[in-house]
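Summary of the model geometry
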Amino acid sequence: MANTYGYRILVMYYEGRTGEASLDRALQLTWINQGEYDRALTGEPPVGYIPPQTFQAAATEV
């Protein structure tokens, strides 16, 4: 499972705000594991990812 830093990198990669080099570095530092790395490269969202618009909509309904 990714730590806090690794999860942040996974989300930024999924949202297109960082590149593959950041993923490589996170894997090298063991912030993410090989499965999460492979999943990110296929374009799948990180496990537990909530799109910002969904989060905002849920916050306004409360």
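Placed above this text is the structure.
This report concerns the structure included in the present document. Because the structure is a prediction, the values reported are computed rather than measured.

1. Considerations on the overall build of the protein
From N to C terminus, the protein includes four helices and zero strands. Listing the helices and strands of the protein from first to last along the sequence gives α-α-α-α. Put simply, the protein has 62 residues, and 21% of those count as buried. Summarising the internal contacts of the protein: among those between residues at least 6 apart in sequence, 52% fall at separations of at least 24.

2. Quick look at the packing of helix α1 (residues 4-14) against helix α2 (residues 20-28)
In the contact formed by α1 and α2, the axes pass within 10 Å of each other and the chain directions differ by 160 degrees. When the axes of α1 and α2 are compared, the pair comes out roughly antiparallel. By crossing handedness, the relation of α1 to α2 is classed as left-handed. Across the interface between the two elements, I9, L10 and Y13 of α1 pack against E20, S22, L23 and A26 of α2. Tallied by class, the residues present in the contact of α1 with α2 amount to five nonpolar, one polar and one charged.

3. Some thoughts on empty space enclosed by the protein
In the structure shown here, the tally under the stated rule is one cavity of 30 Å³ or more. Considering only enclosed or pocket space, the largest cavity measures out at about 90 Å³ in volume. Lining of the largest cavity is provided by M1, Y7, L10, E36, R39, A40, E44, P45, P46 and V47. A total of three residues in the lining of the largest cavity trace back to one element, the largest contributor, which is helix α3 (residues 34-41).

What counts and what doesn't
- Residues numbered from 1 in each chain as written.
- Predicted model: local features only at pLDDT ≥ 70, side-chain atom pairs only at ≥ 80, totals over all residues.
- Heavy atoms only, no water.
- Helix = DSSP H or I, 4+ residues; strand = E, 2+ residues; numbered from the N terminus.
- Buried < 20%, exposed > 50% of the residue type's maximum accessible area, 1.4 Å probe, protein only.
- Contact = heavy atoms within 4.5 Å.
- Axes fitted to C-alpha atoms, helices over the stretch in contact; angles between N-to-C directions.
- Parallel < 35°, antiparallel > 145°, perpendicular 65-115°, else oblique.
- Left-handed = near helix turned anticlockwise from the far one by under 90°.
- Nonpolar A, V, L, I, M, F, W, Y, C, P; charged D, E, K, R; others polar.
- 1 Å grid on protein atoms, 1.4 Å probe; cavity = no way out; pocket = protein on both sides within 12 Å on 5 of 7 lines; lining within 4 Å.
- Points joined across faces, edges and corners; volume = space filled by probe spheres on them.

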